[in-house]
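# Results of the structural survey
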Amino acid sequence: MALLSCKLLGVVEGADISISTAFTGKTLVGVSRRVSSGQNNKCLAWRRKLTCRAVMESVPASKLQAQQKTAGQDRLLKVPVSNIRNFSIIAHIDHGKSTLADKLLQLTGTVETREMKEQFLDNMDLERERGITIKLQAARMRYLGQNGEPYCLNLIDTPGHVDFSYEVSRSLAACEGALLVVDASQGVEAQTLANVYMALENNLEIIPVLNKIDLPGAEPERVSQEIEEIVGLDCSEAIFCSAKEALGVHEILEAILKKIPPPQNTVEKPLRALIFDSYYDAYRGVIAYFRVVDGTVKKGDKVLFMASEKVGYMAASIRTVIDARVGDTITNSVKRAETALPGYVEVTPMVFSGLFPVDADQFTELRDALEKLQLNDASLKFEPESSSAMGFGFRCGFLGLLHMEIVQERLEREYNLNLITTAPSVVYRVNCTNGKMVECSNPSVLPEPGIRKSIEEPFVKIEMFTPKEYIGSLMELAQDRRGEFKEMKYMNENRVSIVYELPLAEMAGDFFDQLKSRSKGYASMEYSFVEYKESDLIKLDIQINGETVDPLATIVHRDKAYSIGRALTQKLKELIPRQMFKIPIQACIGTKVVASETISALRKDVLAKCYGGDISRKKKLLKKQAAGKKRMKAVGKVDVPQEAFMAVLKLEKEVI
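Every value quoted in this text rests on a predicted model; they were computed, and no experiment measured them.

Position of F352 relative to the elements: it lies in strand β15 (residues 351-357). The class of F352 is buried, set by a relative accessible area of 14%. For the pair F352 and K381, spaced 29 residues apart in sequence, the C-alpha separation works out to 9.2 Å.

Structure, rendered in structure tokens:
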């Protein structure tokens, strides 16, 4: 029924709303801001429509303002089920989701103006530094509608980057509606489509919202037509707004009340609640965010987690992180539900990387940190791994490169760990001669060439949205990454959609950075897994002084073996210190050497004591020195320094 949490969501106090953002019934009062001369005329007309409506209502603005402030303070009071609205905000990255969420919190009196700050719901420093939303955030608001009745609005703000789409899917499963926010100057982009399709799969009511109409380049009418043609949504009642200036926000609130249906009234049934998010608190244990689907829950109830069969009191005795997994069903331990809720589809990691502590004594701390972080990030997968070079660590699965980077930074910041990450890789399928199929994400455990019949790698369908002037450079980028062209279509006269199928391993490097660089930041992309396809892949081993170094092995396409092998051997030559004997560094495919470098030996001047005499004496000393170096090379061992491993792993991330 309602989105509940065992943690109070947001600030309880009301808000002092300035005259520029006050409500009077349907209208917004006295917004004064000079509009630039280059602004779109239609956008200007809509702005005037919002700001110049009749503001003379029967109830004074100050009184309505005070009522809304009181409503914000009373947001935890009960309302009828018919007055509950559960909704999410979805959009492409940087289209204004968090700004709109901030304004909704402020205008409903949930947060006081003096306590308001940008990205209010984003509670991680990492989110504020990067300006992106990483985690879904839930908030409960109380709003007085035009009919004077109080409504409970349960909001979930969602991330916009493709790597955090699992957060979006979980949010949508807990709602009846969604606000689709589209930048009025940028238009439809990759993640806009992906999020809309997820919302439609969950049968949600979608309200189109065109944001940033105050920008000089805003074209809301064009973008409305673009949404209708590409997405297929009716935009005849789309809301034009500027979250930054609080224009049209009141219309959004009223549209939520009118268009998004309330949850079904199933109070009489046994309790069933779906956990859609959770995190670990050092003092209170596991804090679970859940949606009550059937029945009721109150303080003091004894609950049962149906998946783990664990019993506890909410936010009081859930001490083990594995007890409250996302997607689990909560029911009353006395009056149990017969069946659990469907939960969520298990997410499949796309990119794998090894995480190793710099200090081996931190292995246990790393394991505990990953368990707690997995509670907060359900898409993270990990399993123990050991390496001859880096000791004990974990092989972790991520949804993308940004997800991998964020997880590493969170572990280092929140749990004070110093980590080394290996080059990202994907899961390969190896078909063996005995008919078995083996999945392999670590090159060091790849079956021997005599056992392998073929290797398959995952392919993804990638859709790039770009202005037409960058078509050539982006197609060249995809072709260089072994991409297979599928289709190209014009969304309008200026924007193009280009569809390719290419190996996921080719995207595990700097593909996204190259996409942004070649399009000057204007292009966007969205990808999804298609299937496994057979490819001419080989294992590229690195041998130092005749010994194979497993942590430096990689799986690459045969056509790129030479260039990658050459780059790795050259880098190792710079990093490995010289010894008293010559050190060969070789990149090999099986027994075939494809690239080689040699570190010359440190040479002691054995002829320094020979100030004269016969030449045979000098030859004898040189021959003795050569024999010693040969014996030293046979028994000598080269220790590759940690800095060399880290530098080579960084190089692998760039060249593979």
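Having seen it, we continue.
This part covers the sheet that holds β15. Ordered by their spatial adjacency, four strands build an open sheet running β16-β17-β15-β18, and the pairing between neighbours is antiparallel. With one partner strand each, in any of the chains shown, β16 (381-387) and β18 (419-421) form the two edges of the open sheet. Looking at each pair of strands side by side, their axes are set apart by 30° on average, direction ignored. For β15 and β18, the ladder comprises three bridges, and the chain directions are antiparallel. Note that in β18 the partner of L355 across the bridge is T421. With respect to the sheet, helix α9 (residues 363-376) is in contact with β15, β16, β17 (391-398) and β18, its orientation differing from that of β17 by roughly 15°. With respect to the sheet, helix α10 (residues 401-414) is in contact with β15, β17 and β18, its orientation differing from that of β18 by roughly 165°.

A word on the pairing of β17. For β17, the buried fraction is high: six of the eight residues fall into the buried class. Of the strand pairs in this sheet, β15 and β17 are connected by five bridges, and their pairing is antiparallel. Opposite V351, over in β17, you have F398 as the bridge partner. Judged from the seven bridges that link them, β16 and β17 form a sheet pairing that is antiparallel. Looking at β17, one finds that E383 is bridged to R395.

Here we have six strands laid out as an open sheet, ordered β5-β6-β4-β7-β8-β9, and mixed in their pairing. The outermost strands of the open sheet, each flanked by one partner alone, are β5 (137-144) and β9 (239-240). Bridge count between strand β8 (residues 205-211) and β9: two bridges; the pairing is parallel. Bridge pairing in β9 links L210 to F240. Across the sheet, helix α7 (residues 220-230) is in contact with β7 (177-183), β8 and β9; its angle to β8 comes to roughly 150°.

It is at 11 Å that the axes of α9 and α10 come closest, and there the two elements cross at 120°. When the axis of α9 is compared with that of α10, the two are oblique. The two elements α9 and α10 cross, and the hand of that crossing is right-handed. Listed contacts from α10 to L366, A369, L370, L373 and N376 of α9 are V407, R410 and L411. Considered class by class, the residues forming the contact of α9 with α10 number six nonpolar, one polar and one charged.

Right, let's get into the nonpolar core. Taken as a class, soluble globular proteins show a tendency for nonpolar side chains to be buried jointly. By size, the foremost hydrophobic cluster in this structure holds 32 residues, and its most contacted members are F87, I89, L100, L153 and L179. Top contributing element to this core by residue count: helix α8 (residues 249-259), with six residues. In this structure, M464, L502, A505 and M525 belong to the second largest nonpolar core, which totals 31 residues.

A few words now on the pattern of salt bridges. Opposite charge on two side chains permits pairing when their charged atoms draw close. Applying the stated criterion to the full structure yields 21 salt bridges. Across the pair R222 and E226 runs a salt bridge whose closest N-O atoms are separated by 3.0 Å. Placement of the pair is R222 and E226 together in helix α7, with a separation of four residues, close to one helical turn. Residue E484 pairs with K533 through a salt bridge whose shortest N-O separation is 3.7 Å.

With that settled, the discussion passes to the pairing of β8. A large share of β8 lies buried, amounting to six of its seven residues. In this structure, β7 lies alongside β8, joined through seven bridges in parallel fashion. Paired with V181 across the bridge in β8 is V209. The β-α-β motif built from β7, the intervening helix α6 (residues 190-201) and the parallel element β8 has right-handed crossover chirality. Running through α7, the crossover from β8 to the neighbouring parallel element β9 is right-handed.

Here we come to α8. Counting buried positions over the eleven residues of α8 gives nine, a clear majority of the element. Residues of α8 that are buried: V249, H250, E251, I252, L253, E254, A255, I256 and L257.

Counting all residues, the mean pLDDT for the protein chain is 76, and 79% of those residues have values of 70 or more. Low pLDDT (under 50) marks residues 46-64, which in the prediction has 33 contacts with non-local residues, meaning those over four places away or in another chain.

Conventions we followed
- Residues numbered from 1 in each chain as written.
- Predicted model: local features only at pLDDT ≥ 70, side-chain atom pairs only at ≥ 80, totals over all residues.
- Heavy atoms only, no water.
- Helix = DSSP H or I, 4+ residues; strand = E, 2+ residues; numbered from the N terminus.
- Buried < 20%, exposed > 50% of the residue type's maximum accessible area, 1.4 Å probe, protein only.
- Pairing = 2+ DSSP bridges.
- Axes fitted to C-alpha atoms, helices over the stretch in contact; angles between N-to-C directions.
- Contact = heavy atoms within 4.5 Å.
- Parallel < 35°, antiparallel > 145°, perpendicular 65-115°, else oblique.
- Left-handed = near helix turned anticlockwise from the far one by under 90°.
- Nonpolar A, V, L, I, M, F, W, Y, C, P; charged D, E, K, R; others polar.
- Core = buried A, V, L, I, M, F, W, Y, C linked by side-chain atoms within 4.5 Å.
- Salt bridge = Lys/Arg side-chain N within 4 Å of Asp/Glu carboxyl O.
- Right-handed = clockwise from strand over helix to strand, strands pointing away.
- pLDDT = per-residue confidence, 0-100.

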